[in-house]
Each structure stands twice: as structure tokens, then as C-alpha cells.
Amino acid sequence: MRVVIADDSVLLREGLVSLLREAGLEVVGQASNADELMLKVRSYRPDVAIVDIRMPPTHTDEGLRAAAEIRSRYPEVGVLILSQHVEVGMAMRLLAENAQGLGYLLKDRVTDLDDFTSALRRIAGGGSALDPIVVSQLLVRGREGDPLGRITPREREVLELVAEGRSNKAIAERLVISLRAVQKHVTSVFTKLDLPATDDDHRRILAVLAYLRS
Amino acid sequence: MSSRLAGGGAKRLPILLWPLGVAAELAALYFLIGGGADVTAVDLINRSVGGSFIGCGLIAWQLRPANRTGRLMTAVGFLFLVEPLLTEVDSSIAYTLGQVAANWWAIPFVALVLGFPDGELKSAVDRLLVAGFAFETVVLQLVWIFFLDFPEGKSNVLLISGDAGVADVIDKFQLWMVVAMALALAVVVFERWRRAAPPLRRLLLPAVAGAGTFVVLAIQVLHQLTVDESARATQTALAVALVSVPVAFLLGLLRAQMARGGMANLVVELRRARGSRRLDDALGRALGDPSLVVAYWVPRFGSYVDSDGRPLALPSDGSGRATTLVEHEGRPLAALIHDPSLTYQPDLLEAVCAAADLALEQESLQAELRARLDELAGSRARIVEAGDAERRRLERNLHDGAQQNLLSLAFALRLAEGRIHDDPQAAERMVAEVREGLSRSLEELRELARGIHPAVLDHGLGVALESLASRFEIPVSISLELAERLPEPVEMAAYFVASEALANVTRYAHASRVTMGVSRHDGQALIEVVDDGVGGADDARGSGLRGLADRVEALGGRLQIESPVGGGTRITAEMPCAS
């Protein structure tokens, strides 16, 4: 898999590159600001562009704007937005319209190389990756009479992994249970939450997020 | 007091002038009717002009002795009668004098119109016009008479040489001059009326009427110059105007007098006028100027503020607004900013200011209070802003510093983890690097924490200042004269004063040494930081010093910066601390 990395901190970028190469990924380009990033994406057409949210000159949301531009101009390029902190509001803004080929993760997640590369693969394949912290924050906001209260702990685990953007197969591997068991839990959760059943991972994450934010 | 006494003496003069004026007018009428010729209505009206001016003038003089208007009107009246009376005396000298003084009445009349309502000339143009009329009626008239042959039966005692040609040239010149000056006067008066605030315009109406007679005069003279004969219509109009103008002036004066009746209302309103704007409105109504604004003097700020406590600049000359300063026991209290036409009624202004004295003083204290509240709100807002900016700075420091370092260490540790089996030596080297990196991150976090709250203050201000000085590259000597510890907020403020002052020394001062002193006496803690650098610092130079001032003032203290260019900088903070 070919990736481009944009981060204005040389220290972090070098660390990221070493780790990703260790994991067998091909880092085809590095950028320290949004303009360089656009140039590298245009030239190399990577599978995924890994983008730091804060970049020069204002260190606020340059990365976000670059990510939006990549998604509109090069829809085949997946975008993974990395940040030193993740916010529910930001995740909603990012994923609400179109979660396809998009990820939003804490930078710390890189150290779990297997999980990180599987997230990158999902994004490259048009799937999504949402940081577990965001998902758990969304789930914490329980309300009175919330159907969430009626789901079992196992179902909750499955729901979290669905919200992170994982496929049934990935969930089965992760929880070390059979694919049929995962399908059963998913169906049960979706029924309890009164969500439309779908096999499409992308539609599934949107439905769950829409439910959680409502 | 001297003007009062003079006023008292002058009071008897108009009474003495009454019989003289009546006698003069009656004599003039008697000569007209007994003259034998046909007497027209216009002749009668013309002959009454003097009496009208004298009568109205004397009444005005008695009612408003301090106002010159009455005296000017009386003078116009008597001078108007000089020519008709002197020409009746059977003497060449008297006749000649009568001709010489025939138009002198125009001088006080011009001054009257331009000076209304207080009788004072307002500008250089006014004075120039009066001088112009004086030149024409006195000097040119005399020169003309030097060359003029009187009609038959009268001899000119001043005749130098009878030369009809020369006399005619001088006469024409005189007449053109009258036309020009009469029109100029009308323009001046009309402009003054147009610029006055609408409520004050009615006050100037008599002056406009007076200016109108000058326009009629100019038309008549123009007609005479072009057609070479007097027009009947303008003669009548001029006569009627001249007779009625003094009445208009008298009524105008009485109306101004009645405006003082508004004073009674003012006193009642002043009792009720509490809260901002009300006093402005009450004074505005009493003076007939709704645009009036009161500016209160705040000694603490050395500037004027409006009734809401907002800073207010007094209008400059030529801005179209006038200012009247109000003092109380010799110190400035307030300033009234008003329409310039109000200055035509100085005694009314004075009376209103005197009546409002107490209310102004009360309201002035209120305005000062509001101004100080504004200042306080500003300082609070700055403290909040400074706090927010500080948080943003801290977040950025953490994000770009410690957080990033720790992340990259985590990455490095993950790399080392992958090598433990294949390349244990490399892994060991990498772990050692991570450990060093962790030490650096810890030091960075300590530095950051010190900026948030200097933990060293727990061990006392002396220890804190010592460690502050030890991190400073220029030698710092510290003298601490404290028997016991200062209250915590004061210690904290003192520490930040020292810290910010040292930071400023590093940034700007180019100093070679610094002295810091902390002492306490009379319930006041004093911290002083003195350097021998280039000076020229002021609190406009950075938010740092302004922020310090806010911090010190929040504790009820004062921050002073003395920094003459080339003379080093002395920053002194004085804060109350109950012992």
C-alpha cells in the first residue's frame, strides 16, 4: 500500500515513516504543509494520504481543509486525519456527509501497528476508521429511556467496533468469535436500536453515528 | 464688583435722558409741521424714527442695564435727530454741523444689528463693518462737505472750494460704499442666523429685521445711483422699517428676559434630574439648546467624561460648537458644550450654571464613578483576555512540546520493541535514547509548570526571586526587607512583576546589572526592579507591562514605570497588605 504523510513536525514525521516502513507500507511522499501535500497527492496518487490536522501557517485546521480538497479532487485517494487529540464534534463534521475512504484517529494509534495498518487498508478500500475514544464518548452520552441501556455488554462491544468502521470479519477476528456470532449480535443491536439492517460497512457506520448523535 | 457700581450709577442716566429725548422728538415734529411745506405721511414717519429709537432704547436700557443694546438704540435715536434739529437753527455753523453729522446714527445702528442680543461685536468682520460705516459717515462726509456748495441761503463754513465735480465724485463713492457695506452686513447677519440652532434662531430675529432695513437702504441707494432720483416706494419702506426696528429689538430683548423665566423651571427640574442624561436635558431645555452636552471633569484621569463616564474631548475652535467652563470654588467642575449662538446670552448661561452648580457637582461625582467602573471593566476584560491568551499559549506549548516529544518517544519505543529479538543491541540503544528523551520531556514540563504557577513560591518570595535571578544572564542583586511573609496574592504579584521586569530587561534594556528590592512599610508592600539599561520603556510597548499593571491594580495597588531614554528603567509596584 502506498501512502503520503503530511506533518509539520520533522521528529514525528520521521518516527511515523520508520514505523510504517517497519509495517511494510510504502511511504511515497512526505509533506510539511498543505501545499506540499497537495503536490505529493497529485504526483503520486497514493492509496491513502495521512494528514496532520494542525499545519502551518496558522496551526489550526489547514490539514482539514487539505483533506476536504483531496476528497473532492481525488475521490479515489483515501484520507486519514491524524491528531494529537480527537473531538466528537470534529468527527461528526468530518464523517457526517460522507464517511467513505475517510479516517480520524489519534496519533497514538500508530504504535499499535497491526491495528493501524488494518485501518489504513479499510480506508484505502473505501471504508472508514473512527477513533475508539470518539465512539466511547458518543456511547457515554446515554439518555433516559435510551434503548442503548437494553443491549448486552457483548452487543455493545460489537456496536463500538461497528462504529469504528470495522467489517464483520474484522470484528470476528478482533473478538475471537465466529462470523455468524458477529452477524447475530449486529442484527440484534440494529433491531433494538430500530436501525435499518444493511451489509454495507459504510452505510452501517453512518446509521450508527446518526443514531448516536441524535 | 466695579462693573456693578458703574451699572448702578448708569441707572439714573436713562431717567435723565427721558425728558431730553421727548423734547428733541417733539421739537423735530414741530419744525416739520410748522415748516409750511406739504407734510406727507412718509415725512411724519421719518421724523418719528429718532423718537422710536430713543423711547425703545431707554426702556431697554432700564430693563437690562448690563446689556449695551439699550444704550446703542438710544444713541441711534439722538444722532438721528441731530440733523433735522441743527438745520432749523438759524446759524451757518449749526447748519454745516448738521450736514456733517447727518449720517452718524448709522454707526451705533450697525453696531446694534451686529451685536444683538448682547450688544457685543462677535468677530473681526463685525468690527470692520462698524469701522467702515464710521469712515464713510464721518471722514468721507467731511471731505465731501469741503467741496460742497450748500443750497441757496445757507453758507458752508467748512467750504474749501466749491467744486460740483469733485463733490459729485465723492458722493458717488460714498453711496457705492454704503451699498457694498449694507449688503455685506446683511450677509453676515443672515449667515449667523442660519448657523444658529433652530431654537435660538428666534432670538436673532430682530437682528435679521435690522439687516433687512440695510437691504432696503442698499436698494434705495442703488436706485438713486442708477436713475438719479429717489424711489418713492423704497423711501416709504425704509421709513417704516426704521420706525419699527427699535420695537423689534425691544421685544427681542424682553423675550430673552423671559427666557430667564425658564430658570424657575430649571430649579424644579434639577431636583428631579437624577441619572445620566437628565441633567443634560434639563440644562438644554433651560437654555433652549437641545444639543447641549455636559462634560464632567475627572481629576483622577485629568480629562473630561460624559454623563455615562465615557471620555469626551472638548470641541476645538472652528468646530461649530462652543464651550462654557463651569468652576466650583476655583477648581474645574464641568464644561457645557453647546451651540455657539448661546454665547450671545452670557448672563443667561451664567445664571443657569450658577443654579445648576450643586447638581453639576453631584452628577460630576456620578460621572467619575461611571468612568472608574468603565476603567475597571476594561481592566477585567484585559485580565480575562490575558488569561485566555495564556491558556492558548500553554496548549500550544504542550501540543508542540511535551505531547509531541512523548509521541515520538512512543514511536521509537515501538520500533525498539520490534527489534528486541532480531537485533537486541540496536533495541537497547534505542531504549536508552527514549530514556534520555523522557528526561528532556520532564524538564520541559517542569519549565512549563513554573510558568503556570511558580511552585518555588511555596518556599517564600526570597527563595523564588533568588532562583529567578539565577536563571538570568545579567547579575541581579536582591535586597529583601521583610519581617514576615507577604499575603499570597501579593507575593505572587511581586514575583510576576520581578519576572516580567527581568524578561523586559533581557528583551530591550541592554543593561549590565539589575537591582531588585522588596520591602514593606505602613501596610504597603513595595517591589522595585531597577536596571541601568537604555530606558524608554512604557506600558504601551507590550501587553506584558499592561497586564502587570492590571494584576497590581486588581490588588488595589499601583504600578509605576520610570524610564527616561538613556536613563535606565525603574519599575515600582506598591500594593496594600494588611499585616
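These numbers were taken from a predicted model, which means no experiment stands behind them.

Focus: the overall build of chain A
Phase 1: Scanning chain A for helices and strands turns up 10 helices and six strands.
Phase 2: Each of the 214 residues in chain A was classed as buried or not, and the buried ones make up 51%.
Phase 3: For chain A, contacts bridging at least 24 residues in sequence account for 66% of all contacts bridging at least 6.
Phase 4: With the model as given, the accessible surface of chain A reaches about 9,700 Å², and the carbon-plus-sulfur share is 49%.

Digging into the confidence of the model for chain B
Phase 1: Per-residue confidence for chain B gives a mean pLDDT of 84, with 92% of residues at or over 70.
Phase 2: Here the prediction assigns the complex a pTM of 0.54, and the interface score ipTM is 0.84.

Quick look at the interface of chain B and chain A
Phase 1: Contacts between chain B and chain A engage 14 residues on the former and 18 residues on the latter.
Phase 2: The contact between chain B and chain A buries some 1,600 Å² in all, and 59% of this surface belongs to carbon and sulfur atoms.
Phase 3: For the chain B face of the interface with chain A, the top three residues by lost area are L407, F411 and R414 of chain B, together amounting to 39%.
Phase 4: Joining chain B to chain A, the criterion identifies two salt bridges.
Phase 5: Close ionic contact of E22 of chain A with R419 of chain B constitutes a salt bridge, the shortest N to O distance being 3.1 Å.
Phase 6: Between chain B and chain A we count seven residue pairs in polar contact (both at pLDDT 80 or more) in total.
Phase 7: Classifying every residue of the side of chain B that touches chain A gives four nonpolar, six polar and four charged.

Some points on the pattern of salt bridges
Residues and elements named next belong to chain B.
Phase 1: This structure, assessed with the given rule, holds 31 salt bridges over all chains.
Phase 2: Ionic pairing is found between D550 and R382, a salt bridge with its closest N-O pair at 2.8 Å. One end of the pair, D550, is in helix α18 (residues 543-554); the other, R382, is in helix α14 (residues 346-419), with 168 residues separating them in the sequence.
Phase 3: Judged by relative accessible area, which is 2%, D550 ranks as buried.
Phase 4: We classify R382 as partly exposed; its relative accessible area is 28%.
Phase 5: Across the salt bridge formed by R393 and E390, the nearest N and O atoms sit 2.8 Å from each other. Of this pair, R393 and E390 both sit in helix α14, three residues apart, which is roughly one turn of that helix.

How each quantity is defined
Residues numbered from 1 in each chain as written. Chains lettered and ligands numbered in written order. Predicted model: local features only at pLDDT ≥ 70, side-chain atom pairs only at ≥ 80, totals over all residues. Heavy atoms only, no water. Helix = DSSP H or I, 4+ residues; strand = E, 2+ residues; numbered from the N terminus. Buried < 20%, exposed > 50% of the residue type's maximum accessible area, 1.4 Å probe, protein only. Contact = heavy atoms within 4.5 Å. Areas by Shrake-Rupley, 256 points an atom, 1.4 Å probe, with all protein chains shown as cover. pLDDT = per-residue confidence, 0-100. Buried area = accessible area lost by both parts, 1.4 Å probe. Salt bridge = Lys/Arg side-chain N within 4 Å of Asp/Glu carboxyl O. Polar contact = N/O pair within 3.5 Å; in protein donor to acceptor, adjacent residues only side chain to side chain. Nonpolar A, V, L, I, M, F, W, Y, C, P; charged D, E, K, R; others polar.

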